[in-house]
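# Observations on chain architecture
Listed here are the chains, written in short residue letters.
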Amino acid sequence: MDNGKLNTAILGLNEGGRLLLKAAGRVDGLHIHAVADKDQNLVEKLADEYGCAGFDDYRQLVMQNDLDCLLVAEAMHRCEEYVRMAMKKKFHVLKLPPGARDFEEAAEFVRLAEEQDIRFGIANTSRFARSFRTLRQHLQEGRIENVFLISAFCNPGDREPPGWQGDPKLSGGGVLLHNCYKIIDQIVANFGMPEQVYSLSTNKAPDKQQRLYLAEDTAVVTMKFGGGCIGNLVTSRRAGIGPAEEFIKLYEKNRILTVNDERLVFGDKSERETVQSDDDELARMIELLEDFAMSVRSPETNKLCSSARENLQDMAVIESAYLSGRTGFPEEPGRILQMSAPPAEQVTEE
């Protein structure tokens, strides 16, 4: 620690990394000790701006510094070994979603973090949006009940994704994993894991053979929950599809609710009640980092809001969708999640 603050470094200075850096600079409990990226000019600029050390070598960042926290925005295929190295040095780690490229890798990270007795969190900022917090409160109080249909839509917008996201070996997946993670997290956090998942996906490759070697850019996922509730998620990131838009619609017997990061809307055009979020992505990230810092300082009294162990449920749903796309049959996230349970839990559940 530095003057009672947690020594913190940001690994990866892409758009998400710069948001982490800006937010960390506004959290009293964090001291920005270093930044790292492959772009040396960007590193020098931001290191100078924040008065911290700069690295263009991720190994040196981890090996040469005594950190409390490592905030990771870099793509996992570029930094996986250094994240493991950081965990073994007992750095607490926060990763922008997704936390891993597939369920197996996510489970390995969770096991390593638990072995080292460190916090490993996933930065799901939607959990700190006023709209989603209000939704969760209403569900807990029984003011929303008997939901029979959950319908989600995710359009990331016209921005072209980085080239590596099209390669499944590097990225682990396409639009479902990299653009729908937070919306899937909200579905799972509020309604639990679906019992079954069925998925269809495609991409812009001109023929079937080429499509096998590209990650999906369009997908339709259907979900079966307990209690007679079903759900669907429609997503596409093709150019020309229109402006970015994300929402979840919940259907009750006599009411429709629509929620995203900005607002929660009860009812339809004729009779509508709106809860408007008075925050933005930066404000939500600041609150998330404050939560993460408190969980590091006082884990007994401050439970991490979005732990990687908890996020294995999200990864199990996504893994089920990809598996279903290959088998052509519905898959069960619960069976995949069971793979990560300690042996004693596996025996008990059997």
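Below or above, wherever it landed, is the structure these notes cover. (Residues numbered from 1 in each chain as written. Predicted model: local features only at pLDDT ≥ 70, side-chain atom pairs only at ≥ 80, totals over all residues. Heavy atoms only, no water.)

## Some points on the overall build of the protein
We count it as follows: Helix and strand assignments follow DSSP, with helices taken as H or I runs no shorter than four residues and strands as E runs no shorter than two, numbered in order from the N terminus. Relative accessible area decides the class of each residue, using a 1.4 Å probe on protein chains only: under 20% of the type maximum gives buried, over 50% gives exposed, and in between gives partly exposed. Any pair of residues with heavy atoms lying within 4.5 Å of one another is described as a contacting pair. Working definition of accessibility: Shrake-Rupley area with a 1.4 Å probe, residue cover restricted to the visible protein chains.
Within the protein, the regular secondary structure consists of 14 helices and 14 strands. With the principal axes as the frame, the protein shows a C-alpha extent of 55 × 50 × 50 Å. Within the protein, the fraction of its 350 residues that count as buried is 50%. Sequence-distant contacts in the protein: of pairs separated by 6 or more residues, those separated by 24 or more amount to 69%. Summed over all atoms, the accessible surface of the protein reaches about 17000 Å², with 48% contributed by carbon and sulfur.

## Side note on the packing of helix α4 (residues 76-88) against helix α5 (residues 103-116)
So the rule is basically this: Interaxial angle, 0 to 180 degrees, is taken between N-to-C directions of lines fitted to C-alpha atoms, where a helix line uses only the stretch in contact. Oblique is the label for any angle not covered by the other classes, which are roughly parallel (under 35 degrees), roughly antiparallel (over 145) and roughly perpendicular (65 to 115). Should the near helix be turned anticlockwise from the far one by less than a right angle, the crossing is left-handed, and should it be turned clockwise, the crossing is right-handed.
Running from N to C, α4 and α5 point in directions that differ by 20°, and their axes come no closer than 9 Å. Accordingly, the angle class assigned to the pair α4 and α5 is roughly parallel. α5 is crossed by α4, and the crossing has left-handed handedness. Every residue of α5 that contacts α4 at Met76, Glu80, Val83, Arg84, Met87 and Lys88 is listed here: Glu105, Glu108, Phe109, Leu112, Ala113 and Gln116.

## Focus on the pattern of salt bridges
The test is simple: Whenever a carboxyl oxygen of Asp or Glu lies within 4 Å of a side-chain nitrogen of Lys or Arg, that contact is scored as a salt bridge.
One pass over the full model with this rule turns up 20 salt bridges. Ionic pairing is found between Arg284 and Asp279, a salt bridge with its closest N-O pair at 2.9 Å. Taking the relative accessible area as the measure of exposure, Arg284 reaches 3% and is therefore buried. The network of salt bridges with common partners includes Lys182, Asp261, Asp279, Glu281 and Arg284.

## Some points on the side chain of Glu105
With respect to the helices and strands, the residue Glu105 is situated in helix α5. Not counting residues up to four positions away in its chain, the partners in contact with Glu105 are Met76, Glu80, Arg84 and Ala100.

## Observations concerning the packing of helix α1 (residues 15-24) against helix α11 (residues 281-297)
In a packed pair of helices, the relevant descriptors are the angle between the two axes and the axis-to-axis distance. Condition: Note on residue categories: nonpolar means Ala, Val, Leu, Ile, Met, Phe, Trp, Tyr, Cys or Pro, charged means Asp, Glu, Lys or Arg, and polar means any other residue, Gly included.
Two numbers describe how α1 lies on α11: the axes approach to 9 Å, and their chain directions differ by 65°. Classed by the angle they form, the pair α1 and α11 counts as roughly perpendicular. Note that α1 runs across α11; the crossing there is right-handed. Contacts between α1 and α11 involve Leu19, Leu20, Lys22, Ala23 and Ala24 on the former and, on the latter, Glu281, Leu282, Met285, Ile286 and Leu289. Among the residues forming the contact of α1 with α11, the class breakdown is eight nonpolar, no polar and two charged.

## Topic: the pairing of strand β13 (residues 263-267)
For clarity, the threshold we go by: Pairing between strands requires that DSSP locate at least two bridges from one strand to the other.
When strand β12 (residues 256-259) meets β13, the two strands line up antiparallel, connected through three bridges. Bridging from a neighbouring strand, Thr258 pairs with Val265 of β13. Hairpin connection of β12 to β13: three residues between the antiparallel strands. Across five bridges, the pairing between β13 and strand β14 (residues 272-276) is antiparallel. Counted as the bridge partner of Gly267 is Arg272 from β14.

## A few points about the side chain of Asn311
Defined as follows: Two N or O atoms form a polar contact when they lie within 3.5 Å of each other; inside protein one atom must be a possible hydrogen donor and the other a possible acceptor, and for residues adjacent in sequence the pair counts only when both atoms belong to side chains.
Inspection of the secondary structure puts Asn311 in helix α12 (residues 308-327). When its relative accessible area of 2% is taken as the criterion, Asn311 is described as buried. One polar contact links Asn311 to Ser306, side chain to side chain, over a distance of 3.0 Å. Apart from residues no more than four positions distant in its own chain, Asn311 is found in contact with Ile122, Asn124, Arg127, Tyr181, Asp185 and Ser306.

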